[in-house]
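Descriptive structure summary
In case you want the letters, here they are:
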Amino acid sequence: MNKVIEFIQQPWPWWVSGPLIAYVMFSLLYFGKGFGLSTNFKTVCNILGADKLSDFFKFDWRDQIWNLMFIAGAIVGGFIAAHYLTPSQVVDISPKTIADLQAIGIAHPGATYEPPEIFSPENVWSLRSMIFLLLGGFFVGFGTRYANGCTSGHAISGLSNLQKWSLVAVVGFFIGGLAMTHLILPYLMKI
Amino acid sequence: MKYIRFFIMGILFGVILSKSEVISWFRIQEMFRFQSIHMYGVIGTAVITGILVIQFIKRTKMKDAQGQFIQVVEQEPGWPRNILGGTIFGLGWAMTGACPGPLFILVGHQGWVFLIPLVGAVLGTFTYGMLRSKLPH
C-alpha cells in the first residue's frame, strides 16, 4: 500500500494525465452530460438573479446541479492532491522558462505551483495581483462565454469531435495567450 | 443521491489536473513559450484518446446509462465569436495561469486567493450576457 501511495505521490507524466481526462469526458457522456466547466459561471449568474436582467441567463439552474457537484468535487480533489498526494511542491519546468521568468522579475520559477509574487496572500491585494487575478478572471469568464466554451468544451470535447469551430476557438486561445505572455506580461510585472 | 457520481468524477478530475501540474501557472507559461512538450502532451493525448472514444460511440451507436443514444454537442459556428471570444479567454488564461476547471481546483489546492479570479469570471460572464446583443457573432 505504501508503494502505491509513493507511486501516486510523484508528478504524473502527460501521457497518464491526457487519457485520464478523456476518460472523465467519456464518463460524463455515458451519464448523459457534456464536459464543459465554464458553463458553471453562467449557472452562478442565473442563481444570483441575472435571469431577471437578460434572457441569456434564463434557464433552469437545476439542470446544471450535476455540473456544480462536479466542480465541488474538483475543489475537494485539489485539496486532497495538495495535502495528501504531493509531498514536493516543485514543478519541474524547463530551464529556459525559468530563465525567461527570472528576467521579468519572478525570483524562483517552479519552486512552487504558483509564483508568490502574484498569488501569495500577502501580495494579493496589490494593484498588480488584482490585475492578474480579477481582470484575468474577468477575461476568462467573458471570453469563454463569447466563444461558448473553454479548454474542456472546445480543446478537449470539440477537437475530439472534430469540430472546425472548436479549432478556430483554440487558435483564438493561443492568439490571446501568446500576446499576453510575450507582449503584455513583462509590463504587468513592472507594476 | 443521483449526483454523487458527478462529485466523485470531479474529485478524480481535480486530482488528475493537480498531479499532472496542469493547474500550475508555470506550466501555462512554459506552454505559451513553447519550451516543453508537457501541456501539449496532456492536451494532445486527451484529444487523441477522445477522438477514438467519440468515433467508437458514433460507430457503435452507443447508448448512455438511461438507454438514450449518446449525443455529442456540436459547437456554435461563427468567426467573430470563436476568434474574438477565444482570444479574450487566452489573455485571461495566460494571466491567471488557469482555465475554468483549474480555477476551481486551485481553490482546494492553494486556498481562498483563487476565489478572486472566480469572482472575476462570474463578472465577465455576466458582462458578456448583458452586452451580447451588441457584439458580433
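Above this text you will find the structure in question.
Residues numbered from 1 in each chain as written. Chains lettered and ligands numbered in written order. Predicted model: local features only at pLDDT ≥ 70, side-chain atom pairs only at ≥ 80, totals over all residues.

**Considerations on the overall build of chain B**
In terms of helices and strands, chain B carries six helices and zero strands. Per-residue burial for chain B yields a buried fraction of 56% across its 137 residues. Across chain B, contacts joining residues at least 24 apart in sequence account for 45% of those joining residues at least 6 apart. (Helix = DSSP H or I, 4+ residues; strand = E, 2+ residues; numbered from the N terminus. Buried ≥ 20, exposed ≤ 12 C-beta atoms within 10 Å, placed from the backbone. Contact = placed C-beta atoms within 7 Å.)

**Section: the nonpolar core**
Membership of the largest hydrophobic core comes to 90 residues, with the highest contact counts inside it found for Ile21(A), Val24(A), Met25(A), Phe139(A), Ile156(A), Phe89(B) and Leu103(B). With nine residues, the single largest contributor to this core is helix 2 (residues 14-30) of chain A. If near-sequence neighbours (up to four positions away) are discounted, Val24(A) is found in contact with Phe35(A), Met9(B), Leu12(B) and Phe13(B). (Core = buried A, V, L, I, M, F, W, Y, C linked by C-beta atoms within 7 Å.)

**What to know about helix 8 (residues 151-160) of chain A**
Of all ten residues in helix 8 of chain A, ten are buried, a share of seventy percent or more. Among all positions in helix 8 of chain A, only Thr151(A), Ser152(A), Gly153(A), His154(A), Ala155(A), Ile156(A), Ser157(A), Gly158(A), Leu159(A) and Ser160(A) are buried. Lining the buried residues of helix 8 of chain A we find helix 2, helix 7 (127-147) and helix 9 (164-188) of chain A together with helix 3 (38-59) and helix 5 (100-110) of chain B. After helix 8 of chain A finishes, the residue Leu162(A) shows a positive phi value of roughly 55°.

**So, unusual backbone geometry**
One non-glycine residue, Leu162(A), adopts positive backbone phi at about 55°. Of note, Leu162(A) is situated in the loop between helix 8 and helix 9. One non-glycine residue, Lys61(B), lies in positive phi territory at about 50°. Relative to the assigned elements, Lys61(B) resides in the loop between helix 3 and helix 4 (79-96).

**Section: the interface of chain A and chain B**
With 110 residues of chain A at the contact, the number on the chain B side is 101 residues. Of all the secondary structure elements, the ones that give two or more residues to the side of chain A that touches chain B are helix 2, helix 3 (39-47), helix 4 (65-84), helix 5 (95-103), helix 7, helix 8 and helix 9 of chain A. Among the elements that make up the side of chain A that touches chain B, the one with the highest residue count is helix 9 of chain A (17 residues). Counted by class, the side of chain A that touches chain B contains 73 nonpolar, 32 polar and five charged residues. (Nonpolar A, V, L, I, M, F, W, Y, C, P; charged D, E, K, R; others polar.)

**As for the packing of helix 4 of chain A against helix 5 of chain B**
At a minimum axis separation of 6 Å, helix 4 of chain A and helix 5 of chain B run at an interaxial angle of 50°. Taken together, the axis directions place helix 4 of chain A and helix 5 of chain B in an arrangement best described as oblique. When you trace helix 4 of chain A past helix 5 of chain B, the crossing you get is right-handed. Here helix 4 of chain A contributes Ile71(A), Ala74(A), Ile75(A), Val76(A), Gly77(A), Gly78(A), Phe79(A), Ala81(A) and Ala82(A) to the contact with helix 5 of chain B, which in turn contributes Gly101(B), Phe104(B), Ile105(B), Leu106(B), Val107(B), Gly108(B) and His109(B). The residue inventory of the contact of helix 4 of chain A with helix 5 of chain B, partitioned by class, reads eleven nonpolar, five polar and no charged. (Axes fitted to C-alpha atoms, helices over the stretch in contact; angles between N-to-C directions. Parallel < 35°, antiparallel > 145°, perpendicular 65-115°, else oblique. Left-handed = near helix turned anticlockwise from the far one by under 90°.)

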